[in-house]
Amino acid sequence: MKNFAKVKDSINQFGFISIGFLFGFAVAILTGQTAGPVFTGVAVGTAAGLITIFVDFIIQPEQIFGFWTTKVLAWLKKDRNLLRVLVKPLGGCLYCMNVWITLAVFAYSLPFTGFSWPVFVAIVAVSHVVLAIVERKVNS
């Protein structure tokens with residue numbers, strides 16, 4: 001019961017922060033106040049980190065795409081498989097997968113943000129920090 005209360009408090013705190021973040025972002029868009037590049041970069045990195053947590057959740061064995069972990073990654077992990085190097089980026093390591101998900105989110109956001117590719121390194125760093133914080137709260 002003690003662990004459940006701890007998880008519930010963490011989820012509540014994270015929920016309030018997320019709601020505040022989304023509300024502020026929505027107000028900025030609706031009022032026509034464009035966000036600065038730092039805020040936009042942090043938003044893209046945060047979104048990428050949260051999408052990574054979501055993808056990690058849905059590929060767990062008992063979830064909707066659980067076959068990914070039980071079948072695909074198990075097949076890739078075999079000793080004689082030449083594609084074995086793809087295990088970590090495709091879901092075997094949360095932080096390795098995060099880089100590729102952040103790359104996809106960054107590439108999707110390029111027309112909207114106008115960022116150049118060197119900014120990608122900073123956004124990956126933000127995404128990594130967000131992932132480390134949220135993962136500790138979710139999986140503890």
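As a reminder, the structure under discussion sits directly above these lines.
For every chain, the first residue of the written sequence is number 1, and numbering continues from 1 onward in sequence order. Since the coordinates come from a predicted model, pLDDT governs what is reported: local features require at least 70, and pairs of side-chain atoms require 80 or more to be given and counted, while whole-chain, interface and lining totals use all residues. The basis for every side-chain value is the complete set of non-hydrogen atoms in the structure, without hydrogens or water.

> It is not clear to me how the nonpolar core should be interpreted in this structure. Could you clarify?
Note on soluble globular proteins: their nonpolar side chains tend to be buried together. Only buried residues count toward a nonpolar core, which is a set of Ala, Val, Leu, Ile, Met, Phe, Trp, Tyr and Cys residues joined through side-chain atoms within 4.5 Å. Burial status follows relative accessibility: with a 1.4 Å probe on protein chains alone, a residue under 20% of its type maximum counts as buried, one over 50% as exposed, and anything between as partly exposed. Grouped together as the largest cluster of nonpolar side chains are 18 residues, with contacts concentrated most on M97, V105, F106, F115 and I123. Mapped by element, the contributors of at least two residues to this core are α2 (37-58), α5 (94-113) and α6 (119-138). Contacts of I123, omitting those with residues within four sequence positions, involve G41, V44, G45, T102, F106 and F115. Helix numbers and strand numbers start at the N terminus; a helix is a DSSP run of H or I with at least 4 residues, a strand a run of E with at least 2. By the convention used here, residues are in contact when the closest approach between their heavy atoms is within 4.5 Å.

> What is the right way to look at the side chain of S109 in this model?
Mapping S109 onto the fold places it in helix α5. Throughout this description, a polar contact denotes any pair of N or O atoms lying within 3.5 Å of each other; where both atoms belong to protein, one of them has to be capable of donating a hydrogen while the other can accept it, and for residues adjacent in sequence the pair is counted only when both atoms sit in side chains. At 2.9 Å, the side chain of S109 forms a polar contact with the backbone oxygen of F106. Beyond its immediate stretch of four places on either side in the chain, S109 contacts V44 and G114.

> What's the story with the packing of α2 against α6 in this structure? I'm lost.
For any two helices packed against each other, the geometry is given by the interaxial angle and the distance between the axes. Only the stretch in contact is used when a helix axis is fitted, and all axes are lines through C-alpha atoms; the angle between N-to-C directions ranges over 0 to 180 degrees. Close contact between α2 and α6 brings their axes to 7 Å; oriented N to C, the two are set at 45 degrees. The angle between α2 and α6 falls in the class oblique. The handedness of the crossing between α2 and α6 is right-handed. Touching G41, V42, V44, G45, T46, A48, G49, L50, T52 and I53 of α2 are I123, V126, S127, V130, L131, V134 and E135, all from α6. Polar here means any residue other than Ala, Val, Leu, Ile, Met, Phe, Trp, Tyr, Cys and Pro, which are nonpolar, and Asp, Glu, Lys and Arg, which are charged; Gly is therefore polar. A per-class count over the contact of α2 with α6 returns 10 nonpolar, six polar and one charged. Roughly parallel covers angles under 35 degrees, roughly antiparallel covers those over 145, roughly perpendicular covers 65 to 115, and oblique covers all other angles. Crossing handedness: left-handed means the near helix sits turned counterclockwise from the far one by under a right angle, and right-handed means the same turn made clockwise.

> I'm lost on α5 in this one. Help?
Since the α-helix packs 3.6 residues into each turn, any two residues three or four apart lie on the same face. Throughout, bend refers to the angle between the axes fitted to the seven residues that end at a position and the seven residues that start at it. A107 marks where α5 bends most, by close to 30 degrees; the proline P111 follows one to four residues later. Considered for burial, the residues of α5 that qualify are L94, M97, N98, I101, T102, V105, F106, S109 and L110. Of the surrounding secondary structure, the elements contacted by the buried residues of α5 are α2, α4 (88-92) and α6. Looking one or two residues beyond α5, the residue adopting positive phi is G114, at roughly 75 degrees.

> Would you mind showing me how to read a nonpolar patch on the surface here?
Together, W75, L83, V85, L86 and L90 make up a nonpolar patch on the protein surface, roughly 460 Å² of accessible area in all. For W75, the position within the fold is in helix α3 (residues 67-76). By relative accessible area, W75 is classed as partly exposed at 45%. Like-charged residues are merged into a patch within 9 Å and nonpolar side chains (Val, Leu, Ile, Met, Phe, Trp, Tyr) within 5 Å, provided each residue has over 30% relative accessible area and no salt bridge. In this description, accessible areas are obtained by the Shrake-Rupley approach with a 1.4 Å probe, and a residue is regarded as covered only by the protein chains that are shown. Here, a salt bridge means any side-chain nitrogen of Lys or Arg that lies within 4 Å of a carboxyl oxygen of Asp or Glu.

> Just checking my understanding: could you explain the packing of aromatic side chains for this structure?
Working definition: an aromatic ring pair is given by the centre-to-centre distance plus the angle between the planes. Only the six-membered ring of Trp is used, alongside the rings of Phe and Tyr, when aromatic pairs are assigned; centres must lie within 6.5 Å, and planes under 30 degrees apart are stacked while those over 60 apart are edge-to-face, with the rest tilted. Here the structure, examined in full by the defined rule, presents five aromatic pairs. Taking the centre distance of 5.4 Å and the plane angle of 55 degrees together, the rings of F106 and F120 count as tilted. One end of the pair, F106, is in helix α5; the other, F120, is in helix α6, and 14 residues separate them in sequence. Among the residues examined, F106 registers a relative accessible area of 0% and is labelled buried. Given the relative accessible area of 15%, F120 is considered buried. For the pair Y108 and F112, a centre-to-centre distance of 5.7 Å together with 55 degrees between the ring planes defines the contact as tilted. Here Y108 pairs with F112, and both are found in helix α5, just four residues apart, close to one helical turn. Here the aromatic residues F106, W117 and F120 are joined through ring pairs into a cluster of three or more.

> So what exactly am I meant to see when it comes to the environment of V121 here?
If you trace the backbone, V121 turns up in helix α6. Note: C-alpha distance between V121 and L103 (18 residues apart in sequence) is 9.8 Å.

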